[in-house]
There are 2 protein chains.
Amino acid sequence: MEKNLKLTLEYLGTNYYGWQLLPNKPTVQGKVKEALETVLRHEVKLIGASRTDAGVHALGQVANFFTSKEIPLNDLKRALNGLLPPDIKVTKVEEVPEDFHARRSAKGKLYRYRLFLREVPSPFEFQRSWFVPYRLDLKAMEEAARLFLGTKDFTTFSKSDRKREVNPIRTIDKIELVKEGYVLELLFVGRSFLRHMIRVITATLIEVGKGKLRPEEVEKLFEARSREAAPYLAPPYGLYLERVYYEDYPY
Amino acid sequence: MEKNLKLTLEYLGTNYYGWQLLPNKPTVQGKVKEALETVLRHEVKLIGASRTDAGVHALGQVANFFTSKEIPLNDLKRALNGLLPPDIKVTKVEEVPEDFHARRSAKGKLYRYRLFLREVPSPFEFQRSWFVPYRLDLKAMEEAARLFLGTKDFTTFSKSDRKREVNPIRTIDKIELVKEGYVLELLFVGRSFLRHMIRVITATLIEVGKGKLRPEEVEKLFEARSREAAPYLAPPYGLYLERVYYEDYPY
């Protein structure tokens, strides 16, 4: 009997060219697929919930695959973690219904963007947060963040895709700013996000925080419907895929 | 006029052979000395408060040196941080009285030993904490920790030094266990510590936590006055020099 197995994964993205399999480049999907194939001794088609970019981290990436091998799930988890490098770990292995699909079944996702605001960068935050040595107006950022909530056309705030037509209409259900010491985290919850969307929104909010963009001007950026209208991109290493929601999506 | 300057430093010890200068090996002292000499254009004798071992981290190492160069302290800090690698940073530069000596003037130190207790190791904790996938009896550990407080002969709990006679009598003023999620931190405050002392005590407390050593047996270990009597050594990468106290030592 073929079983559908769901993996929950953590990884530090620093040493990988993102999630997605690439020929001759280390990717997270490549490492996990290789470990699975070593244990199960058959080819594995591994489906990930989110194609995280190079350098992006995950605290709760989800993937699924099919196998007919009989192996206790806890043994599979331990074998995988033994084979995987220290910067990729499987925290859960669960059997799920046949129709579960890591990407298509996802109802929503939680991403966290981490910023380090001190004047001097921290050795412990290197490649784990975006170093922004400025005093930021958090109230203005929160005001601007509200303008991104709901269902909108996010063309301005995403990477244009020349190869295929992508629907630019997306829904963000929550953006929250959490400050603790020198660390500021922006939490984003939404059904799905366009490529680079969180990183462009984050850069836009930082510009608002620095006083270089007024919250009202954000509306004009939406209207422009052009990637060139928005500020630069926040770097990948501040971004964490924190959680993928299935039936437990709160919105 | 020669000025005595005090540096406060943070570093991730992973890529260094400890603080202390070594020929042909990367050390933290070596990197900081090199950066100082590049900026000041004269040889610098850099005195560190603590000779942290290879792999040990610091959130508040202190060092001092003398210079007669006229340079605003904030410019010196920025120049040093520009020259130093991302895993070593100077958080403060202050002028101190002529008789200030980073090691000899120190009244006490705070070290933190970080443990990660989950069943699966975390990619984010790799080389930053000791992975201990066991259920630990924290009450027994706290009971045993109290036996290390005060002024004692710590021969059993330190590295024997063949080269020189070291006074094994030391005073620990505080040991505190702080648990948050999967992270357990042991805080040690004392006037000064012997080599490996915190790592041997940590390993001993972990043995107590696992139920392999009873708190009462700790007294016997003290009486043995032999390094062979105590358990193994906790690894260096869980240890952080958090703070060096001068006139502000609370005990």
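Up top you'll find the structure we're talking about.
Reading the values: rules and limits
- Residues numbered from 1 in each chain as written.
- Chains lettered and ligands numbered in written order.
- Predicted model: local features only at pLDDT ≥ 70, side-chain atom pairs only at ≥ 80, totals over all residues.
- Heavy atoms only, no water.
- Patch = residues over 30% accessible without salt bridge, like charges linked within 9 Å, V, L, I, M, F, W, Y side chains within 5 Å.
- Areas by Shrake-Rupley, 256 points an atom, 1.4 Å probe, with all protein chains shown as cover.
- Salt bridge = Lys/Arg side-chain N within 4 Å of Asp/Glu carboxyl O.
- Lys, Arg positive; Asp, Glu negative; His and termini not counted.
- Charge placed at Lys NZ, Arg CZ, Asp CG, Glu CD.
- Helix = DSSP H or I, 4+ residues; strand = E, 2+ residues; numbered from the N terminus.
- Buried < 20%, exposed > 50% of the residue type's maximum accessible area, 1.4 Å probe, protein only.
- Phe/Tyr/Trp six-rings, centres within 6.5 Å; stacked < 30°, edge-to-face > 60°.
- Contact = heavy atoms within 4.5 Å.
- Buried area = accessible area lost by both parts, 1.4 Å probe.
- Polar contact = N/O pair within 3.5 Å; in protein donor to acceptor, adjacent residues only side chain to side chain.
- Nonpolar A, V, L, I, M, F, W, Y, C, P; charged D, E, K, R; others polar.
- Pairing = 2+ DSSP bridges.
- Arc of directions from axis to C-beta.
- Least-squares fit on C-alpha atoms with pLDDT ≥ 70 in both.

Chemist: Hey, could you run me through a positive patch on the surface in this one?
Modeler: Residue and element names in this part refer to chain A. Positive charge collects at one region of the surface, where Lys45, Arg51, Arg103 and Arg104 lie side by side. With respect to the helices and strands, Lys45 occurs in the loop between helix 1 (28-40) and strand 2 (47-48). Among the residues examined, Lys45 registers a relative accessible area of 66% and is labelled exposed.

Chemist: How should the packing of aromatic side chains be read in this particular structure?
Modeler: Both the distance between ring centres and the angle between the ring planes are used here to describe each pair of aromatic rings. Applying the stated criterion across every chain, the model contains 26 aromatic pairs over all chains. Aromatic side chains Phe124 of chain A and Tyr240 of chain B sit 5.8 Å apart centroid to centroid with 40 degrees between the ring planes, which places their arrangement in the tilted category. Residue Phe124 of chain A is located in the loop between strand 5 (108-116) and strand 6 (130-131), and its partner Tyr240 of chain B is located in strand 10 (residues 239-245); the two belong to separate chains. Assessed through its relative accessible area of 12%, Phe124 of chain A is described here as buried. Of the residues examined, Tyr240 of chain B reaches a relative accessible area of 6% and is grouped as buried. Centre to centre, the rings of Tyr111 of chain B and Phe193 of chain B are 5.5 Å apart; their planes meet at 90 degrees, and the pair counts as edge-to-face. Taken together, the residues Tyr111 of chain B in strand 5 (residues 108-116) and Phe193 of chain B in the loop between strand 9 (183-190) and helix 4 (197-210) connect sequence positions 82 residues apart. One exposure class covers both Tyr111 of chain B and Phe193 of chain B, and it is buried.

Chemist: Just to check I follow, could you spell out the interface of chain A and chain B for this structure?
Modeler: Interface size, as often reported, equals the accessible area lost upon joining of the parts. In this complex, chain A contributes 25 residues to the contact, which on the side of chain B involves 25 residues. Together, Pro123, Phe124 and Arg128 of chain A form the three largest contributors to the area buried by chain A at its contact with chain B, with a combined 35%. The residue Lys77 of chain A makes a salt bridge to Glu119 of chain B at a minimum N-O spacing of 3.1 Å. Seen at the junction of chain A and chain B, the total is six residue pairs in polar contact (both at pLDDT 80 or more). Looking at the side of chain A that touches chain B, the elements with two or more residues in it are strand 1 (3-11), strand 3 (57-67), helix 2 (73-83) and strand 4 (88-96) of chain A. A per-element tally of the side of chain A that touches chain B places strand 4 of chain A first, with four residues. Broken down by class, the residue content of the side of chain A that touches chain B amounts to 13 nonpolar, five polar and seven charged.

Chemist: Hey, could you run me through the pairing of strand 1 of chain A in this one?
Modeler: Two faces belong to every sheet, and in a regular strand the side chains alternate between them. Residue and element names in this part refer to chain A. Burial within strand 1 is extensive, with nine of its nine residues counted as buried. The side-chain alternation of strand 1 yields two buried faces, one formed by Lys3, Leu5, Leu7, Leu9 and Tyr11 and the other by Asn4, Lys6, Thr8 and Glu10. Bridge count between strand 1 and strand 3: eight bridges; the pairing is antiparallel. Bridging from a neighbouring strand, Tyr11 pairs with Ala58 of strand 3. Judged from the eight bridges that link them, strand 1 and strand 4 form a sheet pairing that is antiparallel. In the strand pairing of strand 4, Asn4 is matched with Val96.

Chemist: Can you walk me through helix 5 (residues 215-224) of chain A in this structure?
Modeler: Structurally, the α-helix is built with 3.6 residues per turn, so residues lying three or four positions apart point the same way. All names here are of chain A. Every buried residue belonging to helix 5 is among Pro215, Val218, Leu221 and Phe222, and all of these are buried. Projection of helix 5 onto a plane perpendicular to its axis shows the buried side chains occupying an angular sector of 100 degrees, all on one side. Turned more than 90 degrees away from the buried face of helix 5 sit Lys220 and Glu223, all of them exposed. Those residues of helix 5 that are buried are in contact with helix 3 (138-146), strand 7 (150-153) and helix 4 (197-210).

Chemist: Whenever I open this one, the pairing of strand 5 of chain B confuses me. Can you help?
Modeler: Residues and elements named next belong to chain B. Judged by how many residues are buried, strand 5 sits mostly within the fold: eight of nine residues are covered. In the sheet, strand 5 pairs with strand 9 via eight bridges, with the strands oriented antiparallel. Counted as the bridge partner of Tyr111 is Phe188 from strand 9. Taken together, the two bridges between strand 5 and strand 6 (residues 130-131) define a ladder with parallel strand orientation. The residue of strand 6 that forms the bridge with Leu115 is Trp130.

Chemist: Quick question: what am I supposed to make of the side chain of Arg199 of chain B here?
Modeler: Along the polypeptide, Arg199 of chain B turns up in helix 4. There is a polar contact of 3.4 Å between the side chain of Arg199 of chain B and the side chain of Asp53 of chain B.

Chemist: Explain the environment of Arg227 of chain B here, please?
Modeler: Residue and element names in this part refer to chain B. In this fold, Arg227 is placed in the loop between helix 5 (215-224) and strand 10. Residues Arg227 and Glu95, spaced 132 residues apart in sequence, show a C-alpha to C-alpha distance of 41 Å. For Arg227, the contacting residues outside a window of four places in its chain are Thr155, Thr156, Ser158, Val200, Tyr232 and Leu233. Of the polar contacts made by the side chain of Arg227, one reaches the backbone oxygen of Pro231; its length is 3.3 Å.

Chemist: How do you make sense of the relation of the copies chain A and chain B when you look at a structure like this?
Modeler: One copy of the chain maps onto the second through a rotation about an axis and a displacement along it. Aligned on chain B, chain A shows an RMSD of 0.0 Å; the corresponding rotation is 180 degrees and the shift along the axis is 0.0 Å. Within this description, the copies of the chain are treated as partners about a two-fold rotation axis. Distance from the rotation axis, computed per C-alpha, reaches its smallest value in chain A at Phe124 of chain A: 5.2 Å. The fraction of interface residues of chain A whose copies in chain B are also interface residues reaches 100%, indicating that both copies meet through the same surface.

Chemist: Just to check I follow, could you spell out the pattern of salt bridges for this structure?
Modeler: When the charged atoms of two side chains lie near each other, side chains of opposite charge can form a pair. All names here are of chain A. With the rule as written, the count across this model stands at 36 salt bridges over all chains. Among the salt bridges present, the one from Arg225 reaches Asp153, with a minimum N-O distance of 2.5 Å. Taken together, the residues span a long stretch of sequence, with Arg225 in the loop between helix 5 and strand 10 (239-245) and Asp153 in strand 7 at a distance of 72 residues. For Asp153, a relative accessible area of 18% gives the class buried. Linking Glu207 and Lys210 is a salt bridge whose minimum nitrogen-to-oxygen distance equals 3.6 Å.

Purely spatial values, then, with no claim about function.
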